[in-house]
Structure formats: structure tokens, C-alpha cells
Amino acid sequence: MKGKTVLKVLNISKDFGQTHALKDVSVDIEQGEIIGLIGENGSGKSTLSSIISGVYPATKGTMELDGETYLPANPMDAQKHGISMIAQEMGTLPGIRVADNIFLGKEQLFVKKGVVNRKKMYEEAKHAMENIGIENINPEDPITRYSLEERKLVEVVRALYSDPRIFIVDETTTALSQKGRNLIYQIIRKLKAENKTVLFISHDLEELMEICSKMIVLRDGVYIAELQKEEFQEDRIKELMVGRKLTGDYYRSDYDGSCSDEIVLKGTDIHVGESVKGVSLELHKGEILGIGGLTDCGMHELGKALFGNTQLLYGQVVLQNGERIKSEKQAIKNRMGYVSKNRDQEALILSASILDNTVLPSLSKLSKAGLITKKAERDFTNKQVEKMSIKCREITQDVRDLSGGNKQKVVFGKWLGNESEILILDCPTRGIDIGVKAFMYQLMYQLKKEGRSIIMISEELPELIGMSDRILIMKDGRVQKSFERSESLSEAALIQEMV
Ligand SMILES: Nc1ncnc2c1ncn2[C@@H]1O[C@H](COP(=O)(O)OP(=O)(O)OP(=O)(O)O)[C@@H](O)[C@H]1O
Ligand SMILES: [Mg+2]
């Protein structure tokens, strides 16, 4: 039986200048349900959740909470009404401690006679973290000491501290490893058991189908449909999101896994900090080399090292032409490209336009006798935007304003434009909707066929198995095992080497 409606969203529209992010959307949010909010990149999911959680007001429309008008002035106000959200983009403040991040805006709780009782604050923070099973984060530490994943968990603690009855999770699981994800699932189940509501945004259909009791589909800012659990059916959901039937294979369908003998990149005994402890590998021309493992196995650091982004403690990375990669600049000059897992922090200049971000690694290619014309830049960017179907108003728009998935596409576009011969992709399809994901896989396969080489670091096993010619599984900073492409390769076989 369906729970009673707690929140009514009525004819909400939201414009950002010329962009109509939401158009006349009405939905009911019921008590005690886990509700999936789904749709392609830029379909308005984050916008809708931001309005519900008080980040900004709607342009038109109203909301009702328990039958009364609900118009949150800001996120604090929404929290007072029992609604809180973990935002898609990074939400902790650097420069302050973990505890300060948890109690941001709630410091008053610890003030006595005008003085903040820090000891009490730290204790309370520790308690709040332990409550949801987080033990290895010290509330007194500066937040910057922690990884993206750990900071995300601090955000979770902050959002839960107000004991919300509607909890909104905007693509948090994409930023987390399996362990972090399990923690979120546990929290979600606990909230449901307490008859509270979770609004859950994710691009992982499997995950959604498993945990949600209903799904709301948005497309281009418009409400499309609502599906109850018994109506969940993968092809149907995809069709509703994309607006057309998706046909053909998702991953490549060949199993020969062949590539040239030519070695384009050779890593020897690579050591990076504490995380990579002696990795040697060879990348062939026209090869898609998958690298998998648990998130802390060293694979992300290895990817950076191969691109000259981190100092090696020991070992070397050498290209076919004999050049030894020691810096990012040198890597780019040698036609290497790198898509970072943390796209906002490492891969994009958020305050610059799509155009500026896209042309950056290709400046030398675009220049004729040292001059680059505005037209050449525009044409080039337009081509990439079209190729990647980046949803934007204009190419001079700041990257900051793009939806999460569209930011990722800009990163991809900029390295492809560079005509990179070697691409290092760290979790390339993270936060990308299914339509574009399929396109990216096709693109990778096409690049392979053209003789370009790809290293794909991924936490998603189906993607590794589906796309790689060869897979290296890493564990504790070393290569644990190598698998050749084969139709019989199973996820279980890989997992066994990972843990
Ligand atoms: N602050 C902003 N200024 C201008 N445009 C914006 C802003 N925020 C969002 N948009 C635009 O509104 C549309 C909807 O974006 P939204 O972030 O809600 O999409 P989404 O469904 O969350 O996508 P994703 O899956 O990529 O996270 C997009 O076209 C986006 O570019
Ligand atoms: Mg979003």
C-alpha cells in the first residue's frame, strides 16, 4: 500500500536565464517510500531537488508539505521543515574542520555564554558519525585531510543530523566506492523502516530498481511518467528516459580482443606514495586496457602517475618514441589525454566557458602560424558539443552551470578534440546517463579501431568486462592478476582477485 502524500510539488517551473530547467512539474512524494528520480543528464533532477531542499526558489508553482504551503527560504529552513539533501556537487567547505562542516549553521547548539564549547562539538560530531557507522574520521581534523569519498560521508552526517523525514540523495553513490555505497543503502533502509521518505537520484538503473519503491521520470525538464515497483522493467524505463527505444548492443560485441604488438606506453616498477607499490604494464596500440579493483587499490593514483600528474617514488613511464613522462605538460605534448575521476576539482575550470575548457589542450593544434582565430575555436567547440551531445545554452556559457553529467562530457570532449593517441580514463562514465554512456562506449571502440590506445580505470565490473581487451585487477597497490578478453569472463572471477 502506498504511504500518504507528505509533499506535493505543484506545477513547478524553473528558469535560469534562457534555460528552462523545469517546466510545469507536478509530483507527489509519499511517506515511507524510497522514490527514484530519474532522467538523462540535464533533465532537471538536481534542479527539482534543489528547489525542494531550499537551495533556490522556483520561478513558478507551489509546494505543499502536510497540506500546508511550503516555501523554504534556504536549506536551513528546509531542514527545519524536515527536509535535507546531499547535493551532487561537493558540499563541504575547505579550510575548516570536520566538526565545523557537520554543524555548519548550527553552531548555536554549542554556544554557552557566548563561547563555543568545542569539546562538546567534537564529541557530538563523533557521536553523529558513529551513529551511522563511520569510525575513521576525526572531527577535529581539517576537512581537507580527507578524500573526496570521506568528505562526501561527512556531508551525509551533516544532512542526517537534523533527523530529516524527507532525505534527498543526489547522485551520492556515484562518488562512493562499494563500501560507502553500502553505508548509504543501510541508511536508506533504516529511514524507510522509520517510515521516512528518501528521494534518490542515480544513473545506476540496477541500483534504482533494487532499492526504490517508485520512480519518477523527467525528460528535458518535463514530468514524463511515474512507475510503481511492479512496473519496473529495464527497457521500459530506459525508453521513458530517452524518449525512444534503445537498440543495439551496449558494449562491444566482439570477443577477439586482439590488438597490435606495438607497445605505445610502458610503465616499469611504478611506485607512488603509499598507494602504488611496483606496477609494471604495457599498453599496446589499439588496445583498451581495463584496470579494476577496490577504490583504494591504487588504480586512481596509478592513472595520474601514467599521465605525469604525480611524482613517482620509483620506476618510470616511457612512450614509444622513448620519451619519459615526467609532467602533465609533456604528456599532453605527446598526445596523451586524461579524464579524472574528480571532474570538478581536477578536470575543469568551472569559472571558464565550455569553449575555453574545450580548446585548452588543443591550442597548438588549432593555431595556424601561431595564431588562433575565434572562428576556429568556435567551430572546434561546436563540433565537440555536437559530438558529445552536450546540453547547453551556448558554448560561451560557464561550465559551472552545466548539469553534472554534462560537465563530464565537456571533459571527454576536450581530450578527444586533442586527438589523443593515448587516453587515460578514470571512471569515464560516472554520472553519465545511459544514452550517452552507450555513445561513449561506441566512441571508445571506434578509437580503438583507429589504432588509439585507452587505459580505462573503472569500479564498474560490467563495463570492464564489456569493453576491455585485457583487464588488470589491482590489490593493495600491485597488479594481482591479468585477464584476457573472453566471453566467459565473469564478475565473480574479478571480485575474487580484488578482495
Ligand atoms: N545555476 C544554473 N544556471 C544555469 N543553468 C543551470 C543551472 N543549474 C542547472 N542549469 C541547467 O538546467 C538544466 C537541468 O540541470 P540539472 O542539473 O537539474 O540536471 P540533472 O537532471 O541533475 O542532470 P545530471 O544527471 O547531469 O546531474 C540543465 O540544462 C542545466 O544546464
Ligand atoms: Mg544532477
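Note that the structure is a prediction, hence the values are computed from the model and not measured.

The rules behind the values
- The numbering scheme is per chain: residues are counted from 1 as the chain's sequence reads.
- Labels are handed out in written order, letters beginning with A for the chains and numbers beginning with 1 for the ligands.
- Totals for whole chains, interfaces and linings use every residue, but because this is a predicted model, local features are given only for residues with pLDDT of at least 70 and side-chain atom pairs only at 80 or more, for both listing and counting.
- Note that the side-chain values use all heavy atoms of the structure and ignore hydrogens as well as water.
- With water excluded from the atoms, a metal site may look incomplete; its donors are any N, O or S atoms within 2.8 Å, or within 3.2 Å for Na, K and Ca.
- Numbering of helices and strands runs from the N terminus, with a helix taken as a DSSP run of H or I at least four residues long and a strand as a DSSP run of E at least two residues long.
- Note on classification: 1.4 Å probe, protein chains only; a residue is buried when its accessible area is under 20% of the maximum for its type, exposed when over 50%, partly exposed between these limits.
- To obtain each axis, a line is fitted to C-alpha atoms, and for helices this fit is confined to the stretch in contact; angles are then taken between N-to-C directions over 0 to 180 degrees.
- Every angle not falling under 35 degrees, over 145, or within 65 to 115 is termed oblique; those three ranges are roughly parallel, roughly antiparallel and roughly perpendicular.
- Handedness of a crossing follows from how the near helix is turned relative to the far one, being left-handed for an anticlockwise turn of less than a right angle and right-handed for a clockwise one.
- Residues count as neighbours in contact if any of their non-hydrogen atoms are within 4.5 Å of one another.
- The pairing criterion for strands is at least two bridges between them, as found by DSSP.
- Domain limits in this description derive from either an automatic procedure or a database domain assignment.
- We define buried area as the total accessible area lost by two parts upon association, computed with a 1.4 Å probe and summed across both.
- Counted as salt bridges are all cases of a side-chain nitrogen of Lys or Arg within 4 Å of a carboxyl oxygen of Asp or Glu.
- In protein, a polar contact requires one atom able to donate a hydrogen and another able to accept it; more generally it is a pair of N or O atoms within 3.5 Å, and residues adjacent in sequence count only if both atoms are side-chain atoms.
- Nonpolar residues are Ala, Val, Leu, Ile, Met, Phe, Trp, Tyr, Cys and Pro. Charged residues are Asp, Glu, Lys and Arg, and all others, Gly as well, are polar.
- Distance thresholds for patches are 9 Å for like charges and 5 Å for nonpolar side chains (Val, Leu, Ile, Met, Phe, Trp, Tyr), applied to residues having over 30% relative accessible area and no salt bridge.
- Exposure was quantified through the Shrake-Rupley algorithm and a 1.4 Å probe, taking into account, for residues, occlusion by the shown protein chains and nothing else.

Quick word on the coordination of the magnesium ion (ligand 2)
Turning to step 1, where the next piece is worked out: Within the protein, the magnesium ion (ligand 2) binds to Ser46 (OG) and Gln88 (OE1); these donor distances fall in the range 2.0 to 2.1 Å. Here the residue serine 46 occupies a position in helix 1 (residues 45–52), and glutamine 88 occupies one in the loop between strand 6 (83–86) and helix 3 (98–102), the gap between them amounting to 42 residues.
Turning to step 2, where the next piece is worked out: The exposure class assigned to glutamine 88 is buried, which follows from its relative accessible area of 18%.

Brief notes about the packing of helix 15 (residues 404–417) against helix 16 (residues 434–449)
Turning to step 1, where the next piece is worked out: Running from N to C, helix 15 and helix 16 point in directions that differ by 15°, and their axes come no closer than 13 Å. With respect to each other, helix 15 and helix 16 are oriented roughly parallel. The crossing of helix 15 and helix 16 is left-handed. Facing Lys409, Phe412 and Leu416 of helix 15, the residues of helix 16 in contact are Val436, Met440, Leu443 and Leu447.

Re the sheet that holds strand 15 (residues 288–292)
Turning to step 1, where the next piece is worked out: Across the sheet, six strands lie side by side as 17-18-19-15-20-21; this open sheet has mixed pairing. In this open sheet, the two edge strands, each paired with only one partner strand, are strand 17 (336–339) and strand 21 (478–484). Between one strand and the next, the sheet's axes are offset by a mean angle of 15°, whatever the strand orientation.
Turning to step 2, where the next piece is worked out: Bridging between strand 17 and strand 18 (residues 422–426) involves four bridges; their strand directions are parallel. The residue bridging glycine 337 from the neighbouring strand is leucine 423, located in strand 18.

Some remarks on the domain arrangement of the chain
Turning to step 1, where the next piece is worked out: Split by domain assignment, the chain resolves into domain 1 (5–242) and domain 2 (263–498).
Turning to step 2, where the next piece is worked out: For domain 1 and domain 2, the distance between their C-alpha centres works out to 30 Å.
Turning to step 3, where the next piece is worked out: Counting the surface domain 1 buries against domain 2, the share from its top three residues, Asn41, Glu89 and Leu148, is 31%.
Turning to step 4, where the next piece is worked out: Put simply, domain 1 and domain 2 have zero salt bridges between them.
Turning to step 5, where the next piece is worked out: At the junction of domain 1 and domain 2, the tally comes to four residue pairs in polar contact (both at pLDDT 80 or more).
Turning to step 6, where the next piece is worked out: Elements with a contribution of two residues or more to the side of domain 1 that touches domain 2: helix 5 (148–161) and helix 8 (234–242).
Turning to step 7, where the next piece is worked out: Taken together, the residues of the side of domain 1 that touches domain 2 break down into seven nonpolar, eight polar and seven charged.

What to know about the sheet that holds strand 4 (residues 60–65)
Turning to step 1, where the next piece is worked out: On the basis of which strands lie adjacent, the open sheet formed by four strands has the order 2-1-4-5 and antiparallel pairing. On the outer flanks of this sheet lie strand 2 (19–30) and strand 5 (68–69), each paired with one strand and no other.
Turning to step 2, where the next piece is worked out: Direction of pairing for strand 1 (residues 5–16) relative to strand 4: antiparallel, over a ladder of five bridges. From the neighbouring strand, leucine 10 faces strand 4, where its bridge partner is threonine 62.
Turning to step 3, where the next piece is worked out: Sitting on the sheet, helix 1 is in contact with strand 1, strand 2 and strand 4, with an inclination near 120° to strand 1.

Regarding the environment of glutamate 33
Turning to step 1, where the next piece is worked out: Note that glutamate 33 resides in the loop between strand 2 and strand 3 (34–38).
Turning to step 2, where the next piece is worked out: Sequence-wise, glutamate 33 and valine 272 are 239 residues apart; in three dimensions their C-alpha atoms are separated by 45 Å.
Turning to step 3, where the next piece is worked out: A distance of 2.8 Å separates a polar atom in the side chain of glutamate 33 from a polar atom in the side chain of serine 213.

A word on a nonpolar patch on the surface
Turning to step 1, where the next piece is worked out: A cluster of nonpolar side chains, contributed by Ile349, Leu360, Leu363 and Ile372, occupies part of the molecular surface with about 300 Å² of accessible area.
Turning to step 2, where the next piece is worked out: Counting through the fold element by element, leucine 363 comes out in helix 13 (residues 363–366).

Notes on the pairing of strand 4
Turning to step 1, where the next piece is worked out: In this sheet, strand 5 lies alongside strand 4 in antiparallel orientation, the contact comprising two bridges. Residue glutamate 64 lies in a different strand from strand 5, and its bridge partner there is threonine 69.
Turning to step 2, where the next piece is worked out: Between strand 4 and strand 5, which pair antiparallel in sequence order, lie two residues; one of them, aspartate 66, sits at a positive phi of approximately 50°.

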